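Listed below are the residues making up each chain.
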Amino acid sequence: MKIYINQMGYHPDSVKTAVLTQDAGAGASPQAPDIVQICSVDGTCILEKEPTFFGLDKSSGDYVWHVSFSEINTPGTYIVKSGDSTSYPFEIETGLYNSLHTLLSKMLYFQRCGMDLLPEYAGQFARTKCHTPSSVLWSEYKKYLAGEIESEDMQRFDIRGGWHDAGDYGRYSTAAAAALAHILYAFRFFPDAFDKSLNIPESGNGMPDILNECLYELKWLLQMQNDEGGVYHKQCTLRHANFVMPHEDTNQMILYPVSSMAVADFTAIMALAYRIYYPYDNDFATQALQAALKSYDWLQKHPEFIGFTNPEETNTGEYDDTNDIDERLWAAMELYRCTGEKHYLTDAKTLFDTLDITTEFGWGDVSGFAGWALLEQELMPKASISEEYYADTLEAEFAKVYRHEFLTEADRILDIIRKSGYLLDLSPNEFCWGSNMVVLNRAMLLSTAYLLDSQKEYADAAVYQMDYILGVNAVGYSYITGVGANSFCHPHNRVTEADGIDDTIPGYVSGGPNGIPADEKAEWLIRPGTPPMKCYLDIWECYSLNEITIYWNSPAIFTAAFLSCQK
Ligand code: 9MR
Ligand code: ZN
């Protein structure tokens, strides 16, 4: 019998559920566990409960029982016991989620490119600045590789900074925009959560540190806009670097062509940045809005979809897409929110009407961000919605439709959760590369639904998703480094492998189980037929299971910030 709990712990007033499991493999029949005891960490029993049988969980192949212990609300350290089995210890404490999103946010500082990370901020993970030389355009570099032009013939671009995307050192415009959207909206909806210092170089300058950190990425992204208002899809070397420290990756950096997704995402995130930064840094905010308007013009001049496919010489990330409608929708909606000019709203509504899916928060489908922009005032704290809030009838109608879209999707997710023994928001066939992102993006959706509709079930469901990430899963790991008694510690991350330091940088979210492992090591080690929730290994080579990225941390920041504001 295994007992899974959130290894970090629970807010005193939160819903608390332990999951007990037995492997259902080889035709075993379920053997009811012994009575369950919730004990203080010294072994004193506080509560005894009969577990409730859920049945077979399809994603894990486990028989599952549940034990609710929400009634325990005295701060302290606890364990759960049944027969010979004991859970990892966990806390009941206010403030856990506040500390968690602070730790998750500091990860972004560790991803910074182009500056020294000093010991006073990075501790033992201090490192030398990286990727400072100039970049060239792919259109010219291609000719250089073919021997058609000389190195001196290439134009040079000084574009520096930003966050390394992931375990690789690339920087990608659409991935950046998605991560920034999660975090800037987290700040918009839960401003009081972000009161702690991140201990970064800008700390104490009068701006909340989460905005200081995001500004580092935004300033890089601003440089990715060209004179016409186009935005380069990515800044990367031709091939992924070896497992060396970032400053040892000295290959030529290349600006890959403009994609319409990158331009639209850029427009949207710069417009959002205008609203967020205006009270703190007027000049930057104005610059961001000007940049957004310029890129919106570009979009008007280029109504056609301009996708992105890696040239065959390149193996760095692709972030491809099949259309740019959701990106254009998001751009139009953000500019409407900034300017109140009706033509943006009309553009947004026209694009929205062509979409089937409207509530996604990923780098590939950004439609849900448009909903956040539209419903912003309803999602922000102490929202006072007056009859006149929505400037006109089209807006009011559109807001009604979007509210319905979010709530309908949240109800669909609740149905998935009810069918999962682990109270997880994924169906068995949804364990993809980066499945933890899907878990967390849906947790953001559930949080959104709660903000719109105050039904406790939505908030409880968001808690269950963080429980899954922090240990209530069929492999028993906490998927956040440094959090919980059994956290993963071998991420696919060049810095962690190359730095020669035993400890892992804390606060990384793992990509998580992948039902279709897609790297050599995982394909070799994971037996065919393994249930999807168990297709996970804490091995650094397994990039399709155990990488880290900025946009896997960012939805965890959002969800933890949401939970830190709930009772
Ligand atoms: O997160 C991306 C995942 O959804 C895709 O299936 C995968 C393969 O295309 O790529 C992932 O993105 C990677 C990106 O291309 C480069 N940086 C690391 C990202 C995480 O693995
Ligand atoms: Zn770098």
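The structure contained in this document is the topic of the report that follows. From a predicted model like this one, the values you see are computed outputs, not experimental measurements. (Residues numbered from 1 in each chain as written. Chains lettered and ligands numbered in written order. Predicted model: local features only at pLDDT ≥ 70, side-chain atom pairs only at ≥ 80, totals over all residues. Heavy atoms only, no water.)

**Brief notes about the coordination of the zinc ion (ligand 2)**
Stage number 1. Coordination sphere of the zinc ion (ligand 2), protein contribution only: Cys113 (SG), Cys130 (SG), His131 (ND1) and His164 (NE2), at 2.0 to 2.3 Å.
Stage number 2. Bound by four donor atoms, the zinc ion (ligand 2) shows angles of 104 to 114° at the metal and therefore tetrahedral coordination geometry.
Stage number 3. When the donors of the zinc ion (ligand 2) are listed by position in the chain, the intervening gaps give C-x16-C-H-x32-H. With a gap of 51 residues between them, Cys113 in the loop between helix H1 (96–110) and helix H2 (119–122) and His164 in the loop between helix H3 (138–145) and strand E12 (171–172) connect regions that are remote in the sequence. Accessibility assignment for this pair places Cys113 and His164 in one class, buried. (Donors = N, O, S within 2.8 Å, 3.2 Å for Na, K, Ca; no water. Tetrahedral: all angles 85-135°; square planar, octahedral: opposite > 155°, others 65-115°. Helix = DSSP H or I, 4+ residues; strand = E, 2+ residues; numbered from the N terminus. Buried < 20%, exposed > 50% of the residue type's maximum accessible area, 1.4 Å probe, protein only.)

**A look at the packing of aromatic side chains**
Stage number 1. This structure, assessed with the given rule, holds 46 aromatic pairs.
Stage number 2. A centroid spacing of 5.9 Å and a plane angle of 85° characterise the contact between Phe110 and Phe125, whose relative ring orientation is edge-to-face. With Phe110 in helix H1 and Phe125 in the loop between H2 and strand E11 (135–137), the pair connects residues that are 15 residues apart, well separated along the chain. Take Phe110 and Phe125: they sit in the same class, and that class is buried.
Stage number 3. Plain terms: the ring middles of Phe189 and Phe190 are 6.2 Å apart, the flat faces sit at 80° to each other, and that makes the pair edge-to-face. Judged on exposure class, the residue Phe189 and its partner Phe190 are both buried.
Stage number 4. Its end group placed over the ring of Tyr216, Arg112 keeps NZ or CZ at 4.5 Å from the ring centre.
Stage number 5. Sitting over the face of the ring of Phe398, Lys349 holds its NZ or CZ atom 5.7 Å from the ring centroid. (Phe/Tyr/Trp six-rings, centres within 6.5 Å; stacked < 30°, edge-to-face > 60°. Lys NZ or Arg CZ within 6 Å of the ring centre and 35° of its normal.)

**Overview of helix H10 (residues 367–379)**
Stage number 1. The first and last C-alpha atoms of H10 sit 17 Å apart over 13 residues, in line with the 18 Å expected at 1.5 Å per residue.
Stage number 2. Of all the bends in H10, the greatest, near 45°, is centred on Ala373.
Stage number 3. Among the 13 residues of H10, twelve are classified as buried, and the element is accordingly described as predominantly covered.
Stage number 4. Of the residues making up H10, those classed as buried are Ser367, Gly368, Phe369, Ala370, Gly371, Trp372, Ala373, Leu374, Leu375, Glu376, Glu378 and Leu379.
Stage number 5. Tucked inside the fold, the buried residues of H10 contact helix H4 (173–189), helix H6 (260–277), helix H8 (325–339), helix H11 (393–418), helix H12 (435–453) and helix H17 (550–565). (Expected span 1.5 Å × (residues − 1). Bend = angle between axes of the 7 residues up to and from the residue. Contact = heavy atoms within 4.5 Å.)

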